[in-house]
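Architecture at a glance
What follows is the residue order along each chain.
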Amino acid sequence: MTGRQKDLHWVLSLFLVLRMVETVSGARGPFTGTHMSSPFSASDVKQTPTVDVYIQCREVCGLNVSDRCDFIRTNPDCRSEGGYLNYLEGIFCGLPPNLLPLAVTLYAVWLLYLFLILGVTAAKFFCPNLSAICTLLKLSHNVAVSFCPGPAPRREGGRAVRGVAGRQGGVARGPGKARALVAFSDPRTAGLALGALFGAGVLVTTVVAGGIAILRPFTAASRPFLRDIVFYMVAVFLTFTALYLGRVTLAWALGYLGLYVFYVLTVVVCTWLYRWQRRRSLVYSMPGTPEMLSDSEVEPVSSNSYDYSEEYRPLLLYQETTAQILARALNPLDYRKWRNKSMYWRALKVLKLPVEFLLLLTVPVVDPDKDDGNWKRPLNCLHLVISPLVLALTLQSGAYGIYEIGGLFPVWAVVVIVGTALAAVTFFATSNSEPPRFHWLFAFLGFLTSALWINAAATEVVNILRSLGVVFRLSNTVLGLTLLAWGNSIGDAFSDFTLARQGYPRMAFAACFGGIILNILVGVGLGCLLQISRSHAEVKLEPDGLLVWVLAGALGLSLVCSLVSVPLQCFQLNKVYGFCLLLFYVSFLVVALLTEFGVIHLKSV
């Protein structure tokens, strides 16, 4: 079946934006993009010319080889505000200059692997726990989709049915919000966040949406489409206005978050009204009267949706030992699936195995659709020790975890002692076969742990992209609209195209808008709010040249074109519409790159 529990990928942008904003709030003085409190008087500030310190850091490539390392170590702009590795120092201090191409290649490979880590974490751990929380709190899965875009799991007979797209679509989708949050938290990478948010928005609403229409022409759901595109246009307009004014105030940041809350409430209320109206129509309809059609996709039962794992169940059940349960729970490889898959799938699975094993060891997952809720007694008891330790060592890149209480006892040691005590009590008070009544709490623990794993990986992604920008002297904005936006959207394209090929284009098309609304509203709003709460000052936004305006204009134009053209086609989306969207994106990308390299520029007056 084709239901999906999606990475909050577009997880896999929010934390990026938040992380970016955190750094902004910790930034100092002359950093471009943010207004921070300064120990100097206003007159002193006026006498100091505005300096683009990010360009100042990029000047390292113009220095003598012998001076580059000292420059990187002494220039405040070249320091990373978060993360575990100093990538700039690794390039210019760790390796000789003649090995610079090797360093860039290694960084590119590590960047791709980080995207893989983000996708796996979001798809297999973050979103399943989020879906479980929605189920436990009796919330509509439309709420989960508002955070974890993509079609919600379809329920048949009380069970959520997930299909190929749900299992495969998490390669890179989910960390997008995280990366945007991380970039906004540092004024030096705010352009990266804007480029990623606008670039991913243009990509998803043109390439992904157009590809769906080309693969399988369909009739779009009218009301959800109009609702989502109008909300997204309002969000883009707010961001465009903030860029024009050059600042984000506290009221403006709260307005972003308030608009997103209003969007979620609109989704929930519309869903409730539709169900109420449908129940009434079924009660009062006469026999033979056709049922009222839904704006959501009517999903036929797929002929290949049979769960073949039923055939492999043993006829004689036996009681597994605690050690066997632990070994099976920590094994990320399904040998039956391995034998039936292609070489490409196997190669990708080999790359995923270390990540999946580490996440299985550190992140609990609750599945309400299973009889035992995915209760694994020995592993869940280990989670009570390891998950809080991961929380302590990943929050603020481990700054809180290594803090010593009274200068003697580190916080991580306290966490280990308390977690061990809880694990011991849980182990002796529960059984292997029966989940405890408090098992649902593991969904919240897994949600927090996977979120911080995503945040940590997103921080490294932003730092690598910033380092590559220094090496190649590229602006953050062009890095955001290309590498970061493409990385954010690979999972979207893959999973949505899979859904379309399987016969669910409406579901895939609807998934194109929910996530990017979350990216821009929560990414910018929460990111700026975090910075304002620390600096007690408004956030100053200084657009990175003409390119930002090209991005904002292209995104707004693509949305207006869709808003006008789709109703004119009576919501019948065909291949011509899809090819027009692809042509629009190619034209936008050419104009953006020409603008970045100075071919297109504003004439000086």
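It should be emphasised that the depicted structure is a prediction, and the values quoted were computed from it without experimental measurement. (Residues numbered from 1 in each chain as written. Predicted model: local features only at pLDDT ≥ 70, side-chain atom pairs only at ≥ 80, totals over all residues. Heavy atoms only, no water.)

**What to know about the packing of aromatic side chains**
Pairs of aromatic rings are described using the distance from one ring centre to the other and the angle between the two planes. The tally for this structure, following the rule as stated, stands at 15 aromatic pairs. Here Y585 and F588 contribute two aromatic rings whose centre-to-centre distance is 5.7 Å and whose plane-to-plane angle is 50°, an arrangement assigned as tilted. Of this pair, Y585 and F588 are both found in helix α22 (residues 575–596), three residues apart, which corresponds to roughly one turn of the helix. We classify Y585 as buried; its relative accessible area is 7%. Three or more aromatic residues joined by ring pairs form one cluster here, namely F218, F225, F509 and F571. One residue, R377, lies across the ring of F427, its end atom 3.8 Å from the ring centre. (Phe/Tyr/Trp six-rings, centres within 6.5 Å; stacked < 30°, edge-to-face > 60°. Helix = DSSP H or I, 4+ residues; strand = E, 2+ residues; numbered from the N terminus. Buried < 20%, exposed > 50% of the residue type's maximum accessible area, 1.4 Å probe, protein only. Lys NZ or Arg CZ within 6 Å of the ring centre and 35° of its normal.)

**As for the pattern of salt bridges**
Following the criterion strictly, the structure yields five salt bridges and no others. In this structure, E356 and K124 form a salt bridge, with 2.7 Å as the shortest nitrogen-oxygen distance. Linking E356 in helix α15 (residues 343–362) with K124 in helix α6 (residues 100–136), this pair joins segments that are 232 residues apart in sequence. The partly exposed category is assigned to K124, whose relative accessible area is 34%. Its salt-bridge partner being R328, residue E320 comes within 2.7 Å of it at the nearest N-O pair. Each of K124, K349 and E356 takes part in salt bridges that share partners, so that together they form one network. (Salt bridge = Lys/Arg side-chain N within 4 Å of Asp/Glu carboxyl O.)

**Considering the confidence of the model for the protein**
With 73% of its residues at a pLDDT of 70 or more, the protein has an overall mean of 75. Per-element mean pLDDT across the protein ranges from 34 in helix α2 (residues 42–47) up to 94 in helix α17 (residues 411–429). Here residues 1–55 scores under 50 on pLDDT; set against residues more than four positions off or in separate chains, the count is 280 contacts. Within the model, pLDDT remains below 50 along residues 149–174, and this stretch shows 120 contacts once partners closer than five positions in the same chain are excluded. (pLDDT = per-residue confidence, 0-100. Contact = heavy atoms within 4.5 Å.)

**Thoughts on the state of the cysteines**
All told, the structure shown has one disulfide when counted by the stated rule. Between C69 and C93 runs a disulfide, and the two sulfur atoms are separated by 2.1 Å. Here C69 and C93 share a disulfide; its torsion about the S-S bond, 115°, makes the bridge right-handed. One end of the pair, C69, is in helix α4 (residues 65–74); the other, C93, is in helix α5 (residues 87–94), with 24 residues separating them in the sequence. Overall, C69 belongs to the buried group, its relative accessible area being 15%. (Disulfide = S-S within 2.5 Å.)

**Considerations on helix α11 (residues 222–245)**
Every α-helix winds through 3.6 residues per turn, so residues three or four apart in the chain are directed the same way. Between its terminal C-alpha atoms α11 stretches 34 Å, which fits the 34 Å expected from 24 residues at 1.5 Å a residue. Listed in full, the buried residues belonging to α11 are F225, D228, I229, F231, Y232, A235, V236, L238, T239, T241, A242 and L243. Positioned one or two residues after α11, G246 has a phi angle of 80°, which is positive. (Expected span 1.5 Å × (residues − 1).)

**Re the packing of α6 against α15**
Put simply, α6 and α15 touch, their axes get as near as 10 Å, and they point 55° apart. With respect to each other, α6 and α15 are oriented oblique. Once α6 is placed against α15, the crossing between them reads as right-handed. Residue-level inspection shows Y113, L116, I117, V120, T121, K124 and F125 of α6 in contact with α15, the latter providing L348, K349, L351, K352, P354, V355, E356, L359 and L360. Taken together, the residues of the contact of α6 with α15 sort by class into 11 nonpolar, one polar and four charged. (Axes fitted to C-alpha atoms, helices over the stretch in contact; angles between N-to-C directions. Parallel < 35°, antiparallel > 145°, perpendicular 65-115°, else oblique. Left-handed = near helix turned anticlockwise from the far one by under 90°. Nonpolar A, V, L, I, M, F, W, Y, C, P; charged D, E, K, R; others polar.)

**A short note on α17**
Taking 1.5 Å of rise per residue, the 19 residues of α17 would be expected to cover 27 Å, and the 27 Å separating its terminal C-alpha atoms lies within 8% of that figure. For α17, the secondary structure elements touched by its buried residues are α16 (377–394) and β6 (409–410).

**Quick word on the environment of Y403**
Position of Y403 relative to the elements: it lies in the loop between α16 and β5 (404–405). Not counting chain neighbours up to four residues away, the residues in contact with Y403 comprise F409, P410 and V411.

**Some thoughts on the packing of α6 against helix α18 (residues 441–472)**
Where α6 contacts α18, the axes come no closer than 8 Å and their chain directions differ by 155°. The orientation of α6 relative to α18 falls into the category roughly antiparallel. For the pair α6 and α18, the sense of crossing is left-handed. For the contact of α6 with α18, the per-class residue count stands at 31 nonpolar, four polar and one charged.

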